[in-house]
Amino acid sequence: MMIPDLQKKKEEGKKITMLTAYDYLFARLVDDGGVDVILVGDSLSVVVQGNPNTLPVTMDEMIYHTRMVSRGVKKGIVLADMPFLSYQASVEDAVRNAGRFLKEGGAMGVKLEGGSSMIKQIKAISGAGIPVMGHLGLTPQSIHQMGGYKVQGKNKKDAENILSDARLIQEAGAFALLLEGIPAELARKISKSLSIPTIGIGAGPDCDGQVLVLYDMLGLFDQFVPKFVRQYANLKETARKAILQYKSDVESGKFPSEKESY
Ligand code: KIV
């Protein structure tokens, strides 16, 4: 799978699949499952590092995780999320840091958050030959400005702004656009009016593809489960039971058995 194949999928009316991964083992599982895009999301700041939001994770930490994921992916597209302050301050920062993900992390492209104020960055990154995905709607790096994780584009003016930002992002050269936490109707309108693919999360069924945070859909991370998450497994409960059983077996002398000894 290569970046231009995503455009082809949209044109053929085939849905694009995307999941996050943060390490070699899970990246292999996701890739073996035939998922098109594996995103090294800055959500790792919360679900891997235990931070309260996505703001603290650094470029070096994101590159470390991207490298692990790239080693596990043979078929899919590895995308890296540009962390907070790696692209906002200047166009030069944006190009240099985006380039690091390809050069040091083995990614095929990057994703960054923001609309009209990030157009210069998107143009420059794309102009440097680095595929870039936009991200509009609920943009977690702006949590303090939004006043929390709230659905965006609910009133007419906000919805128009998001639609016009989406068009600007396409014109700036982005290969795709992620839409997070917006009404399904707005996501449908944007997906119809753009020629590049849209990927939705909490944006209804009419985007050209869908993404979820892997630990959410596997039921591993349950500190906060938004309405849009579907849990396809309950791995937290499976792991909890296994750990309790192991502890009990060791304490009662049932583990290891003769068969498990040399
Ligand atoms: O960081 C992340 O995991 C994301 C989600 C929207 C998938 O950007």
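Up top is the structure.
Quantities reported herein were computed from a predicted structural model and do not represent experimental measurements.

J.: Would you mind going over the pattern of salt bridges with me for this structure?
T.: Oppositely charged side chains may form a pair once their charged atoms are brought near each other. Summed over the entire model, instances satisfying the criterion amount to 12 salt bridges. Between Lys14 and Glu12 there is a salt bridge; the shortest N-O distance is 3.1 Å. Given a relative accessible area of 45%, Glu12 falls into the partly exposed group. A salt bridge links Arg188 to Glu185; the shortest N-O distance between them is 3.0 Å. You can see Arg188 and its partner Glu185 sitting in helix H9 (residues 184-193), 3 residues apart, about one turn around the helix. With relative accessibility at 30%, the residue Arg188 sits in the partly exposed group.

J.: Got a minute to help me understand the site of the ligand in this structure?
T.: Taken together, 13 residues lie near the ligand, and Gly41, Asp42, Ser43, Asp81 and Lys111 sit nearest. Contacts to the ligand include Ser43, whose side-chain N or O atom sits 2.5 Å from an oxygen atom. At 3.0 Å from an oxygen atom of the ligand is found a side-chain nitrogen or oxygen belonging to Asp81. Contact with the protein chains removes 96% of the 260 Å² of surface that the ligand exposes when unbound. Here the ligand occupies the largest pocket. Among the residues forming the shell around the ligand, the class breakdown is 5 nonpolar, 4 polar and 4 charged.

J.: So what exactly am I meant to see when it comes to the packing of helix H8 (residues 156-171) against H9 here?
T.: Two quantities define a packed helix pair, namely the angle between the axes and the distance from one axis to the other. Between H8 and H9, the least distance of the axes is 10 Å, while the angle of their chain directions is 25°. The angle between H8 and H9 places the two elements in the roughly parallel class. Considering how the two elements wind past one another, H8 and H9 form a crossing that is right-handed. Seen from H8, the contacting residues are Ala159, Ile162, Leu163, Ala166 and Arg167; seen from H9, they are Leu186, Lys189, Ile190 and Ser193. By residue class, the composition of the contact of H8 with H9 is 6 nonpolar, 1 polar and 2 charged.

J.: What's the story with helix H11 (residues 235-252) in this structure? I'm lost.
T.: It helps to recall that an α-helix has 3.6 residues per turn; residues three or four apart then point in one direction. Taking 1.5 Å of rise per residue, the 18 residues of H11 would be expected to cover 26 Å, and the 26 Å separating its terminal C-alpha atoms lies within 8% of that figure. Immediately beyond the C-terminal end of H11, within one or two residues, lies Gly253, with a positive phi of roughly 80°.

J.: Is there a simple way to think about the packing of aromatic side chains in this case?
T.: For the coordinates displayed, the defined rule picks out 3 aromatic pairs. Through pairs of rings, three or more aromatic residues link up here, namely Tyr22, Phe26 and Tyr215.

So, how was this worked out
- Residues numbered from 1 in each chain as written.
- Predicted model: local features only at pLDDT ≥ 70, side-chain atom pairs only at ≥ 80, totals over all residues.
- Heavy atoms only, no water.
- Salt bridge = Lys/Arg side-chain N within 4 Å of Asp/Glu carboxyl O.
- Buried < 20%, exposed > 50% of the residue type's maximum accessible area, 1.4 Å probe, protein only.
- Helix = DSSP H or I, 4+ residues; strand = E, 2+ residues; numbered from the N terminus.
- Near = heavy atom within 4 Å.
- Polar contact = N/O pair within 3.5 Å; in protein donor to acceptor, adjacent residues only side chain to side chain.
- Areas by Shrake-Rupley, 256 points an atom, 1.4 Å probe, with all protein chains shown as cover.
- 1 Å grid on protein atoms, 1.4 Å probe; cavity = no way out; pocket = protein on both sides within 12 Å on 5 of 7 lines; lining within 4 Å.
- Sits in = over half its atoms within 2 Å of the grid points.
- Nonpolar A, V, L, I, M, F, W, Y, C, P; charged D, E, K, R; others polar.
- Axes fitted to C-alpha atoms, helices over the stretch in contact; angles between N-to-C directions.
- Parallel < 35°, antiparallel > 145°, perpendicular 65-115°, else oblique.
- Left-handed = near helix turned anticlockwise from the far one by under 90°.
- Contact = heavy atoms within 4.5 Å.
- Expected span 1.5 Å × (residues − 1).
- Phe/Tyr/Trp six-rings, centres within 6.5 Å; stacked < 30°, edge-to-face > 60°.

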